[in-house]
Amino acid sequence: SSRPARGSSGKMAAPMSRGSRGPEPGAAPYGNFPNYSRFHPPEGRVSLLPQGLLRSLFPAATRPLLGLDVGCNSGELSVALYQHLLGLQDSNSSQEPPGAGKELKLLCCDIDPELIQRAQQSSPFPASISFASLDIMDSGAREPFLSSYLQRFGRSSFDIGFCMSVTMWIHLNHGDSGLLEFLALLASLCTFLLVEPQPWKCYRAAARRLRRLGRRDFEHFRSLRINGDMARSITRILTQDCAMELVCSFGSTGWDRSLLLFKSTGARPQGSDRGAASP
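Predicted model, so just to flag it, every value in this text is computed and none were measured. (Residues numbered from 1 in each chain as written. Predicted model: local features only at pLDDT ≥ 70, side-chain atom pairs only at ≥ 80, totals over all residues. Heavy atoms only, no water.)

Chemist: Quick question: what am I supposed to make of the overall build of the chain here?
Modeler: Of the regular secondary structure elements, the chain holds 10 helices and seven strands. Residues counted as buried form 58% of the 279 residues belonging to the chain. In the chain, the proportion of contacts linking residues at least 24 apart, taken out of those at least 6 apart, comes to 74%. Working note: accessible area of the chain is about 11,800 Å², and carbon and sulfur atoms make up 50% of it. (Helix = DSSP H or I, 4+ residues; strand = E, 2+ residues; numbered from the N terminus. Buried < 20%, exposed > 50% of the residue type's maximum accessible area, 1.4 Å probe, protein only. Contact = heavy atoms within 4.5 Å. Areas by Shrake-Rupley, 256 points an atom, 1.4 Å probe, with all protein chains shown as cover.)

Chemist: What's the story with helix H6 (residues 113–122) in this structure? I'm lost.
Modeler: Note: α-helices contain 3.6 residues per turn, so residues at a spacing of three or four share the same orientation. Of all the residues in H6, the buried ones are Leu-115, Ile-116 and Ala-119. All buried residues of H6 project into a common sector of 100° when viewed along the axis, lining one side. Against strand E2 (104–110) and strand E3 (129–133) lie the buried residues of H6. Its side-chain oxygen 2.9 Å from the backbone nitrogen of Glu-114, Asp-112 forms the N-cap of H6. (Arc of directions from axis to C-beta. Polar contact = N/O pair within 3.5 Å; in protein donor to acceptor, adjacent residues only side chain to side chain.)

Chemist: Looking at this structure, how should I read the nonpolar core?
Modeler: Across soluble globular proteins, you tend to see nonpolar side chains buried next to one another. Ranked by size, the top nonpolar core spans 46 residues in total, and within it Leu-68, Ile-136, Phe-158, Leu-172, Phe-182, Tyr-203 and Leu-238 carry the most contacts. When residues are assigned to domains, this core turns out to be shared by domain 1 (60–89 + 99–164) and domain 2 (166–265), each giving three or more. Among residues more than four places away in sequence, those in contact with Tyr-203 are Thr-167, Met-168, His-171, Leu-172, Gln-198, Phe-221, Leu-224 and Met-230. Of all hydrophobic cores here, the second largest spans 32 residues; its members include Leu-81, Ile-116, Ala-119 and Ile-160. (Core = buried A, V, L, I, M, F, W, Y, C linked by side-chain atoms within 4.5 Å. Domains from an automatic or database assignment.)

Chemist: Can you help me understand unusual backbone geometry in this one?
Modeler: In most cases, non-glycine residues show a negative phi, while peptide bonds are predominantly trans. With a phi close to 55°, Asn-73 is a non-glycine residue in the positive phi region. As for its placement among the helices and strands, Asn-73 is situated in the loop between strand E1 (65–70) and helix H5 (76–85). Taking relative accessible area as the criterion, Asn-73 reaches 7% and is therefore assigned buried. Of note, the phi angle at Ala-243 is positive, near 55°, even though the residue is not glycine. Relative to the helices and strands, Ala-243 resides in the loop between helix H10 (230–241) and strand E6 (244–252).

Chemist: Mind showing me how you'd approach the sheet that holds E6 here?
Modeler: Note on sheets: strands pair through backbone hydrogen bonds, and any given pair is parallel or antiparallel. Reading across from one edge, E3-E2-E1-E4-E5-E7-E6 is the order of the seven strands in this open sheet, with mixed pairing throughout. The sheet is open, and its two borders are formed by E3 and E6, each paired with just one other strand. When the angles between neighbouring strand axes are averaged without regard to direction, this sheet yields 20°. The strands that helix H8 (residues 167–189) touches are E1, strand E4 (158–164), strand E5 (190–196) and E6; relative to E5, the one it contacts most, it runs at about 150°. Sheet strands touched by H10: E5, E6 and strand E7 (258–264). Its angle to E7, the strand with the most contacts, is close to 5°. (Pairing = 2+ DSSP bridges. Axes fitted to C-alpha atoms, helices over the stretch in contact; angles between N-to-C directions.)

Chemist: Quick question: what am I supposed to make of the pattern of salt bridges here?
Modeler: A side chain of one charge can pair with a side chain of the opposite charge if their charged atoms are brought near each other. For the coordinates displayed, the defined rule picks out eight salt bridges. Asp-217 is the partner of Arg-222 in a salt bridge, and the nearest nitrogen-oxygen pair spans 3.3 Å. Of the charged contacts in the structure, one is a salt bridge between Arg-232 and Asp-229, with a shortest N-O distance of 3.8 Å. By relative accessible area, which is 59% here, Arg-232 ends up exposed. Residues joined in a network through salt bridges with shared partners are Arg-63, Arg-155 and Asp-159. (Salt bridge = Lys/Arg side-chain N within 4 Å of Asp/Glu carboxyl O.)

Chemist: Can you walk me through the packing of aromatic side chains in this structure?
Modeler: Aromatic ring pairs: the centre-centre distance and the angle between the two ring planes describe each pair. The final tally for this structure, using the stated rule, is seven aromatic pairs. Considering the side-chain rings of Phe-58 and Phe-192, the 5.3 Å spacing of their centres and the 80° angle between planes classify their relative orientation as edge-to-face. A residue pair is termed long-range when its members are at least 10 positions apart, and Phe-58 in the loop between helix H4 (53–57) and E1 and Phe-192 in strand E5 qualify at 134 residues. Since its relative accessible area comes to 5%, Phe-58 is described here as buried. An aromatic cluster of three or more residues is present, and its members are Tyr-149, Phe-153 and Phe-158. (Phe/Tyr/Trp six-rings, centres within 6.5 Å; stacked < 30°, edge-to-face > 60°.)

Chemist: Help me understand the packing of H8 against helix H9 (residues 200–212) in this model?
Modeler: A pair of packed helices is captured by two measures, namely the crossing angle of their axes and the spacing between those axes. Their axes nearest at 11 Å, the elements H8 and H9 cross at an angle of 55°. The angle between H8 and H9 falls in the class oblique. For the crossing formed where H8 meets H9, the hand is right-handed. Every residue of H9 that contacts H8 at Thr-167, Met-168, Trp-169, His-171 and Leu-172 is listed here: Cys-202, Tyr-203, Ala-206 and Arg-209. (Parallel < 35°, antiparallel > 145°, perpendicular 65-115°, else oblique. Left-handed = near helix turned anticlockwise from the far one by under 90°.)

Chemist: Honestly, H9 in this entry has me stumped. Any pointers?
Modeler: Across its 13 residues, H9 extends 19 Å between first and last C-alpha, which sits within 8% of the 18 Å expected from 1.5 Å per residue. Regarding H9, the residues found buried are Trp-200, Cys-202, Tyr-203, Ala-206, Ala-207 and Leu-210. Along the axis of H9, the buried positions cluster into a sector of 155°, meaning they face one direction only. Looking one or two residues beyond H9, the residue adopting positive phi is Gly-214, at roughly 75°. (Expected span 1.5 Å × (residues − 1).)

As structure tokens, then:
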């Protein structure tokens, strides 16, 4: 059950249009910075992932793999992940290579409709990458939307999920219980999950930015009991509470964020369809 999420809630990763029009790009309360990829270029993360990762995770896949990218902002990182995972980075991305859509379908969502509109307009792979405005913490919107997407493929879950620098925004806007709910949701939806948690120093910096702008502090910042080493905390939550195991840590980006790959340990055989019931 999820507390409703006006825009604030789910910070689907990056968020709400109000902040994107203000004079100061750091004022986006859900991380929905309009020029995010300029500050954290996708190559910094994508280059840490091994070539052929999808084939090593799903050696027997005979159907398109389904991916979910939560909090995709304006889509630059989603497109870079797609290209890297399919080995397309050297090709001229002005055209979708034939057959690529048979390998991976990627659903990308964000809380900020303006960022999603920009992603849709600039996407070089419209047949394989779908962008949608969604507050992931609003269960009333999320459940029918994700169910209908999965049912199009006769599937009940995603093969791989991406949660790139999103956990802090969920945590700040929804508190400890919101973070726990969010991680449990991702674990229930995805066989593999790649998470890039923001370190605690980013929480302090985000709170400072809001104060500097004369905004209200994040409602939950001072009451968070889950704090300190966030990569360790998120690993503990996913492995102890959410039936996942840590498969690999892909080093750290230039701005000190680990890329952590988890795998579901539930009765979900790797790459299996798991029926077509709703999630």
